[in-house]
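Chain and residue survey
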Amino acid sequence: MASILSFLRKDLRYLRWPWLAWLGLLIAKIALGVWCIHAPGFSSSDNTDAMRLDVVLTSLGALTCYLLVLRLVQADAPLRPRAFWHTRPISGGGLLAAKALVAFLLFGLTPGLVSLPWWLSNGLGGTDLALAALELLLTHVAIILPAFLLASVVDSFGRAILWSVVQFGAIIGLALFAGPSNDSLSLLEPGLALSRELLAAGIATVGLASLIIWQFRRRRQVAVIVGLALLHVVVAVTWKYSPYNFIPRPAGWTELNAERYKDVALQPNATALYEHPQYRGPEPEPTIVRLTWPVTGLPPDFNGASYHTVLSYDDGQGEAIEPKDVHGYAMSNFNPQIELLIKKFGLPPRKTPDGEPRPPLIVILHLLSRDQADHLKRHPPTATTSLHLNLSRSKISQAHPLAPGIAFTDRQGSVRIVSLDTDISSVQVAVSSTEPLSFLQLYFAVRRSDYQNPPSGYSPVVSHAEDYIFDSTSMKLRGLTEWRESQLVINGVRITRSHVGCDRPHAFRDGKWVPSDIDPAVWRAGLRVVRIAYHEEARLVLTGRSDPLVISGSPAAPSPKP
């Protein structure tokens, strides 16, 4: 134990100044995040600069960490003839324990303690705090392990650098070998892709750790290098060809609250449009088929939705025709913020000319080849669609009087009003919000969406989102605008900068808006900025089959090629 502590003190003195420079890079990243949150004049160009600076700081931090670990191990490398351990005899296991302890203190414990105020100030707690700390530790472990091994199998720092270049080339080769499977993974079970990635990462971690222990205990250069080469082969083959899937995909798309929303239905109609828009692409004369189908039975108070359609045509001759491409689809007659304003401020609901409420419409635009279109024109088809619909409700999570510097938190993060601009006719507010988001969470969220959502691979499910609106204690507002200028992830925290604005109060009289003549100071005094969170409530799969569609129109003259 005394020998281990002796090595610990020596290494800390040996690395203290370059390590402090590396720690400065970490603190600079946190300072960048603080600036992104608090800067009043932060713009989209500033966000681009911040992203580039974040990449530079992260890359420099990774490179510096790698070089520091090389120096740490090379100071007393197992194969170095004049190392400190020769004059103070220590076992291979003791030497490894001393070096591993120094690496943990410098690159595991201390960075976590330095980042802790940043995490706590942005509302991280419990699971999110543990995930952020785990991400930081795993990131450094991924840098430390290969550096530890390569520095232990050579007798000089220069050779360690040379072998690092060789190792980097081997990693590129591994990625080129296993990478093409990633391009075709959509044809496989996404759970298999995730299983391969996790299994390959686990084999690489255990393999590197085992080789490090072997080298420190046995000091066998050639054998360890051969073992490292074999490890590369095993990892590459596992990543590309492993048949083991320990994350099976659920059958179909998981529906949520389908029974509660059983009255929601898709009502296909029998109208379609055959047209040739101005389009330049592989097909000189593309054909767009436009289907507009109402969605009925939706609850009156829902105000959030995402969706995806899968559509095919049956020509009545026993042949199913798949559209050449999805040109687009949308839900019209629907705007989350307008629906919320209608509900909250008592505005007149939008109605059809017959006085009925206007239901949301799913508008589907599909691109057909000319041969397909001509065939369907001769044989009127029926259209069959599967609509994957996600419904969400909004909840006012925070409301606060307008004042720069005001900050508040909730279970999704923290919010700060960073600037306030007013004039006689409008108010503009910049809001920065933060929420926990480690790359581990992002990675697994993407992979979960791959194997939990429709077979098409499109993910319609948004677990929660947020918007900002203005509320007034006495007025009805008009001219609401909201947009996001930037998003940036720094050290386990996602930073979003939003702007929200509104015009002076208006009254709705005789079917139109009339500006109010109230004093600006009075109506601004009653304003509050409101944070709206959207939470997923239902996932539905709606199917519909139309009557035979009459595809009308005639092909336009071919447009000249550019």
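That block above? That's the structure.
Conventions used here
Residues numbered from 1 in each chain as written. Predicted model: local features only at pLDDT ≥ 70, side-chain atom pairs only at ≥ 80, totals over all residues. Heavy atoms only, no water. Helix = DSSP H or I, 4+ residues; strand = E, 2+ residues; numbered from the N terminus. Contact = heavy atoms within 4.5 Å. Areas by Shrake-Rupley, 256 points an atom, 1.4 Å probe, with all protein chains shown as cover. Phe/Tyr/Trp six-rings, centres within 6.5 Å; stacked < 30°, edge-to-face > 60°. Buried < 20%, exposed > 50% of the residue type's maximum accessible area, 1.4 Å probe, protein only. Pairing = 2+ DSSP bridges. Patch = residues over 30% accessible without salt bridge, like charges linked within 9 Å, V, L, I, M, F, W, Y side chains within 5 Å. Salt bridge = Lys/Arg side-chain N within 4 Å of Asp/Glu carboxyl O. Expected span 1.5 Å × (residues − 1). Bend = angle between axes of the 7 residues up to and from the residue. Axes fitted to C-alpha atoms, helices over the stretch in contact; angles between N-to-C directions. Left-handed = near helix turned anticlockwise from the far one by under 90°. Nonpolar A, V, L, I, M, F, W, Y, C, P; charged D, E, K, R; others polar. Core = buried A, V, L, I, M, F, W, Y, C linked by side-chain atoms within 4.5 Å. Parallel < 35°, antiparallel > 145°, perpendicular 65-115°, else oblique.

This next bit is on the overall build of the protein. A count of helices and strands for the protein gives twelve helices and 17 strands. Within the protein, counting contacts between residues at least 6 apart in sequence, those at least 24 apart form 79% of the total. A total of about 27,700 Å² of accessible surface is found on the protein, and carbon and sulfur atoms cover 61% of it.

With that settled, consider the packing of aromatic side chains. On inspection of all chains with the given rule, the structure shows three aromatic pairs. Between the aromatic rings of Trp-22 and Phe-107, the centroid separation amounts to 5.0 Å while the plane-to-plane angle is 75°, which identifies the pairing as edge-to-face. Linking Trp-22 in helix α1 (residues 2-38) with Phe-107 in helix α4 (residues 92-121), this pair joins segments that are 85 residues apart in sequence. Its relative accessible area of 1% is what places Phe-107 among the buried residues. Note on Tyr-244 and Phe-246: the rings are 5.7 Å apart at their centroids and 45° apart in plane angle, and the pair reads as tilted.

Working note: regular strand, side chains alternate between the two faces of the sheet. Among the eleven residues of strand β14 (residues 493-503), nine are classified as buried, and the element is accordingly described as predominantly covered. Pairing between strand β11 (residues 426-436) and β14: eleven bridges, direction antiparallel. Within β14, the position partnered with Pro-436 by the bridge is Val-493.

This part is about a nonpolar patch on the surface. On the surface, a cluster of nonpolar side chains totalling about 390 Å² of accessible area is made up of Leu-63, Leu-67, Phe-157, Ile-161 and Val-165. Listed by contribution, the elements that provide at least two residues to the nonpolar patch are α2 (44-74) and α6 (157-183). The element contributing the most residues to the nonpolar patch is α6, with three residues. Within the fold, Val-165 resides in helix α6. The exposed category is assigned to Val-165, whose relative accessible area is 54%.

This part covers the pattern of salt bridges. One pass over the full model with this rule turns up nine salt bridges. Asp-76 is the salt-bridge partner of Lys-99, the closest N and O atoms lying 2.5 Å from each other. Taken together, the residues Lys-99 in helix α4 and Asp-76 in the loop between α2 and α3 (84-87) connect sequence positions 23 residues apart. Judged by its relative accessible area of 0%, Lys-99 falls in the buried class. Taking relative accessible area as the criterion, Asp-76 reaches 0% and is therefore assigned buried. In this structure, Asp-314 and Arg-545 form a salt bridge, with 3.7 Å as the shortest nitrogen-oxygen distance. Pair noted here: Asp-314 is in strand β4 (residues 304-314) and Arg-545 is in strand β17 (residues 527-545), with a separation of 231 residues, a long-range link.

What follows concerns the side chain of Thr-238. Its place among the elements puts Thr-238 in helix α8 (residues 221-241). Here Thr-238 falls in the buried class, since its relative accessible area comes to 10%.

On to α4, then. The terminal C-alpha atoms of α4, which comprises 30 residues, lie 43 Å apart, in line with the 44 Å expected from a rise of 1.5 Å per residue. The largest bend in α4 amounts to roughly 40° and is located at Ser-115, with the proline Pro-117 lying one to four residues further along. Of the residues one or two after α4, Gly-123 is the one with positive phi, at around 85°.

Let us look at the packing of α2 against helix α5 (residues 127-152). Viewed as axis vectors pointing N to C, α2 and α5 meet at an angle of 35°, and their least axial separation amounts to 8 Å. Taken as a pair, α2 and α5 cross one another with a handedness that is right-handed. Where α2 approaches α5, its residues Ala-62, Cys-65, Tyr-66, Val-69, Leu-70, Val-73 and Gln-74 are matched on the opposing element by Ile-143, Ile-144, Pro-146, Ala-147, Phe-148, Leu-150, Ala-151 and Ser-152. Of the residues that constitute the contact of α2 with α5, the class distribution is 13 nonpolar, two polar and no charged.

With that settled, consider the environment of Lys-99. Residues Lys-99 and Asp-76, 23 residues apart in the sequence, show an inter-C-alpha distance of 9.0 Å. Setting aside its immediate chain neighbours within four residues, Lys-99 contacts Lys-10, Asp-11, Leu-72, Ala-75, Asp-76 and Phe-148.

Counting 45 residues, the largest nonpolar core has Val-69, Phe-107, Phe-148 and Leu-149 as the members making the most contacts within it. If we skip the residues at most four places from it in the chain, Leu-149 touches Leu-208, Leu-211, Ile-212, Val-224 and Leu-228. One finds Leu-266, Ile-362, Ala-373 and Leu-376 within the second-largest nonpolar core, a separate group that totals 25 residues.

Looking now at the packing of α1 against α2. Two quantities define a packed helix pair, namely the angle between the helix axes and the distance between the axes. The interhelical angle for the contact between α1 and α2, taken along N-to-C directions, is 165°, at an axis separation of 10 Å. When the axis of α1 is compared with that of α2, the two are roughly antiparallel. Between α1 and α2 lies a crossing of left-handed hand. Residue composition of the contact of α1 with α2, by class: 17 nonpolar, three polar and five charged.

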